[in-house]
Amino acid sequence: MDISQKGLAGEFYALAQLTARGFNASLTLGNTKGVDILVINKKNKGYKVEVKTTTIKPTKSKIFKEWHPNGFFYWIMSKKHETLLDDNLVYCFVHIDDINKLPRFFLVPSDLVAKYVKDQHVFYQNYPRDKDVGDGSMRHFRIDVDDPNGYENNWSLLEK
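This paragraph deals with the overall build of the chain. Along its length, the chain carries 2 helices and 7 strands. Moving toward the C terminus, one meets the helices and strands of the chain in the order α-β-β-β-β-β-β-α-β. For the C-alpha atoms alone, the extent of the chain along its principal axes is close to 50 × 35 × 30 Å. The contacts in the chain between residues at least 6 apart in sequence include a share of 62% that link residues at least 24 apart. As displayed, the chain has an accessible area near 9,200 Å², and 52% of this comes from carbon and sulfur atoms. For the chain, the centre of its 23 positive side-chain charges and the centre of its 20 negative side-chain charges are spaced 0 Å apart.

Structure follows, in structure tokens:
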């Protein structure tokens with residue numbers, strides 16, 4: 001599955017879950033910058049959902065073992081995600097392990113994503129190593145495989 005197919009697949013999987021759960025949801029198809037799905041809940045409150053999709057198997061890392069001792073899933077982000085704070089913006093992180101099985105969905109408010117992405121980048125930059133890694137724009141968002149924060153299937157985040 002190439003990168004554009006992976007992204008669209010994640011968006012359609014998320015849209016299907018939202019629709020099946022009774023939300024009024026619509027794909028923006030790239031027409032709304034930084035938003036993949038617009039959602040209206042049963043209380044008539046609107047949310048913007050940005051979907052990030054990965055097919056990468058759970059990872060363990062020496063650098064992040066203190067933060068994620070049991071391994072983690074990760075999604076590629078960018079520097080802009082450090083500052084995207086909006087009470088109505090929710091990230092839906094989709095992990096597709098096998099196209100013959102339903103993916104895993106992790107829903108996280110934007111303020112938590114922004115803080116994590118920023119803090120983890122600072123931690124990564126300051127981690128002792130033999131060479132300078134520079135300060136590029138790529139970031140990562142990681143979720144422990146055992147999901148101690150309860151992000152998996154956190155659809156109730158959109159019901160407030």
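Okay, the environment of aspartate 2 next. When you line up the elements, aspartate 2 lands in the segment before α1 (3-20). Here aspartate 2 falls in the partly exposed class, since its relative accessible area comes to 41%. For the pair aspartate 2 and lysine 60, spaced 58 residues apart in sequence, the C-alpha separation works out to 24 Å.

Let us look at the sheet that holds strand β3 (residues 46-54). Read across the sheet, 5 strands follow the order β1-β2-β3-β5-β6 without closing on themselves; strand pairing throughout is mixed. In this open sheet, the two strands that pair with only one neighbour each are β1 (24-27) and β6 (104-109). When the angles between neighbouring strand axes are averaged without regard to direction, this sheet yields 25°. Relative to strand β2 (residues 37-40), β1 runs antiparallel, the two sharing 4 bridges. Looking at β2, one finds that leucine 27 is bridged to isoleucine 37. Together, β1, β2, β3, β5 (89-95) and β6 form the strand contacts of α1, whose direction differs from that of β3 by roughly 135°. Here helix α2 (residues 110-126) sits on the sheet in contact with β5 and β6, set at roughly 90° to β6.

Of all 7 residues in strand β4 (residues 72-78), 5 are buried, a share of seventy percent or more. Of the pairings in the sheet, the one linking β4 to strand β7 (residues 138-144) comprises 7 bridges and is antiparallel in character. From the neighbouring strand, methionine 77 faces β7, where its bridge partner is arginine 139.

What follows concerns unusual backbone geometry. Phi at asparagine 44 takes a positive value of approximately 70°, unusual for a residue other than glycine. Note that asparagine 44 resides in the loop between β2 and β3. Its identity as a non-glycine residue notwithstanding, aspartate 147 has a phi of 45°, on the positive side. If you trace the backbone, aspartate 147 turns up in the segment after β7.

What counts as what
Residues numbered from 1 in each chain as written. Predicted model: local features only at pLDDT ≥ 70, side-chain atom pairs only at ≥ 80, totals over all residues. Heavy atoms only, no water. Helix = DSSP H or I, 4+ residues; strand = E, 2+ residues; numbered from the N terminus. Contact = heavy atoms within 4.5 Å. Areas by Shrake-Rupley, 256 points an atom, 1.4 Å probe, with all protein chains shown as cover. Lys, Arg positive; Asp, Glu negative; His and termini not counted. Charge placed at Lys NZ, Arg CZ, Asp CG, Glu CD. Buried < 20%, exposed > 50% of the residue type's maximum accessible area, 1.4 Å probe, protein only. Pairing = 2+ DSSP bridges. Axes fitted to C-alpha atoms, helices over the stretch in contact; angles between N-to-C directions.

Taken by themselves, the reported measurements are silent on function.
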